[in-house]
Amino acid sequence: MDNILKLQKKIIPEMIDLLEKRYRILRNIYYNQPIGRRGLANNLGIGERIVRAEVNFLKKQGLLEIKSMGMNVTDEGKIIIDELKDFIHSLKDISGLQETVKAKLGVSSVIITPGNLDTESLIFKDVCRTGANYLSEIIDNSNEKKNIIGVTGGTTMAELAEEMKEYKKESDILVLPARGGIGKNLETQSNNIAAKLAEKIKGTYKLLHVPDNVGKEALETLLQIDEIKELNNMTKKMDILVFGIGRADDMARRRKLNQSTLDLLNENGAVAEAFGYYFDINGEIKMESSTFGLKLADFKKIPTVIGVACGTKKAEAIIAISSLRENMTIVTDEGTAREILECKNS
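Analysis parameters
Residues numbered from 1 in each chain as written. Predicted model: local features only at pLDDT ≥ 70, side-chain atom pairs only at ≥ 80, totals over all residues. Heavy atoms only, no water. Helix = DSSP H or I, 4+ residues; strand = E, 2+ residues; numbered from the N terminus. Buried < 20%, exposed > 50% of the residue type's maximum accessible area, 1.4 Å probe, protein only. Contact = heavy atoms within 4.5 Å. Areas by Shrake-Rupley, 256 points an atom, 1.4 Å probe, with all protein chains shown as cover. Axes fitted to C-alpha atoms, helices over the stretch in contact; angles between N-to-C directions. Parallel < 35°, antiparallel > 145°, perpendicular 65-115°, else oblique. Left-handed = near helix turned anticlockwise from the far one by under 90°. Nonpolar A, V, L, I, M, F, W, Y, C, P; charged D, E, K, R; others polar. Phe/Tyr/Trp six-rings, centres within 6.5 Å; stacked < 30°, edge-to-face > 60°. Lys NZ or Arg CZ within 6 Å of the ring centre and 35° of its normal. Salt bridge = Lys/Arg side-chain N within 4 Å of Asp/Glu carboxyl O. Pairing = 2+ DSSP bridges.

(A) Region of interest: the overall build of the chain. Along the chain, the regular secondary structure elements total 16 helices and 13 strands. The proportion of buried residues among the 346 residues of the chain is 49%. For the chain, the share of sequence-separated contacts (at least 6 apart) that also reach a separation of at least 24 residues comes to 70%. Looking at the chain as shown, the accessible area adds up to about 17,500 Å², and 48% of this sits on carbon and sulfur atoms.

(B) Fine view of the packing of helix α3 (residues 37–44) against helix α4 (residues 48–60). At a minimum axis separation of 9 Å, α3 and α4 run at an interaxial angle of 110°. One finds that α3 runs roughly perpendicular with respect to α4. In terms of crossing hand, the pair formed by α3 and α4 is right-handed. Here Arg37, Arg38, Leu40 and Ala41 of α3 lie close against α4, whose contacting residues are Glu48, Val51, Arg52, Val55 and Asn56. A per-class count over the contact of α3 with α4 returns four nonpolar, one polar and four charged.

(C) Summary view of the packing of aromatic side chains. Enumeration over the complete set of coordinates arrives at five aromatic pairs. Judged by centre distance (5.7 Å) and plane angle (80°), the rings of Phe243 and Phe299 are edge-to-face. A residue pair is termed long-range when its members are at least 10 positions apart, and Phe243 in strand β7 (residues 240–244) and Phe299 in helix α14 (residues 296–299) qualify at 56 residues. The residues Phe243 and Phe299 share a single accessibility class, namely buried. Residues Tyr277 and Phe279 carry aromatic rings whose centres are separated by 6.2 Å and whose planes lie at 40° to one another, so their mutual orientation is tilted. For the pair formed by Tyr277 and Phe279, the shared burial category is buried. Taken together, the ring pairs in this structure connect Phe243, Phe275 and Phe299 into an aromatic cluster. Geometry around Phe57 places Arg22 over its ring, the cationic atom sitting 3.9 Å from the centre. Over the face of the ring belonging to Tyr167 we find Lys165, whose NZ or CZ atom lies 4.9 Å from the ring centre.

(D) Local environment of the pattern of salt bridges. The full count for this structure, using the stated rule, is 19 salt bridges. Measuring nitrogen to oxygen at the nearest pair gives 3.3 Å for the salt bridge that ties Lys236 to Asp298. One end of the pair, Lys236, is in the loop between α11 (226–235) and β7; the other, Asp298, is in helix α14, with 62 residues separating them in the sequence. Residue Asp298 is classed as buried on the basis of its relative accessible area, which comes to 13%. Residue Arg338 pairs with Glu334 through a salt bridge whose shortest N-O separation is 3.1 Å. In this pair, Arg338 and Glu334 both sit in helix α16 (residues 334–345), four residues apart, roughly one turn of the helix. Three or more residues joined by partner-sharing salt bridges are found here, namely Arg24, Arg27, Glu120 and Asp126.

(E) Structural detail: the sheet that holds strand β10 (residues 277–280). Strand order in the open sheet formed by four strands is β8-β9-β10-β11, and the pairing between neighbours is antiparallel. This sheet does not close on itself; its edge strands, each paired only once, are β8 (246–247) and β11 (285–288). Inspection of the sheet shows strand β9 (residues 270–274) paired to β10 by four bridges, in the antiparallel sense. Opposite Ala272, over in β10, you have Phe279 as the bridge partner. The sheet contacts of helix α15 (residues 315–322) involve β8, β9 and β10, and relative to β9 the element is tilted by about 60°.

(F) Representation of α15 within the structure. With seven of eight residues buried, α15 lies mostly within the body of the structure. Listing the buried residues of α15 in full gives Ala315, Ala317, Ile318, Ile319, Ala320, Ile321 and Ser322.

(G) Focus on the sheet that holds strand β13 (residues 329–333). With respect to topology, seven strands assemble into an open sheet ordered β3-β13-β12-β7-β4-β5-β6, the strand pairing being parallel. Of all the strands in the sheet, just β3 (109–113) and β6 (204–205) have a single pairing partner and so form its edges. Summarising the sheet, β3 and β13 pair through five bridges and their orientation is parallel. Paired with Thr113 across the bridge in β13 is Asp333. Running at roughly 165° to strand β5 (residues 173–177), helix α9 (residues 190–200) makes contact with β4 (147–151), β5 and β6 of the sheet.

Interpretation note: all reported values are geometric properties and have no functional meaning in isolation.
In structure tokens, the structure reads:
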């Protein structure tokens, strides 16, 4: 297989480009169906004439159907998308890249989705789906009769919950929000994500009606409430944690920290935030904030940890968080993976 790919790249490199283009077209239609030719051309940044020719070819191959509402991918087309993804994976030697990034980060596993979020927005869905599939594998292969899964908030975790496959049988899995609430967007709150994830895997969930940002005195008072105290103790018993990796500046703004604090974080080289701490690229704590939820010490004890993030601007944050523990899995996109290598080599 590898020898054939090398020959194809040497003798007919244009075939590889055409393959990738048709894969992008099929995938874009699948994620946005039903979609018209103009909308597809805008999404891909290519001319309508080219789109029309490619769409006609894919339709003749039985991979697309065109209706008055727009284009849809056929069942055969969906199979081809999955098969092409594996082929593109081999084509770009993603396996080799995964091993290189894993060694650079010093973590147990790195899973990379082909493509670059910075140039193609659909990569976000691909990365989240990859993270969801990996979580499903862990759940399916678990020997435990009961698992406690923790999940944080944010757009990445919200999309991961959406991409999670739907289980047909009831499961003895409890899903917990790992952090308190941040901001006003309900869809990206850890409570909502925990409920959505539990719904998909036919498990149960508990809600944490506490903001993430609380003062120390308020925190002590909240922990006197039996329901909150019980849930806080349960977070220490998590078997699996799935979390998004946030940049320090983004998280500081979401927490509405003042400008002087933002400037201080920047001066101190803070690039990532997690579990109430702001870290520099080496994983050294630069600032602590009073927050409710999973703590750093508890994070280090959880058996299975999955961090999901994509976009080159998060490369330094991924490096920082990866330094906190070796036994963890990072899920990201190809563009971010290559940026991580650039950061580590600089």
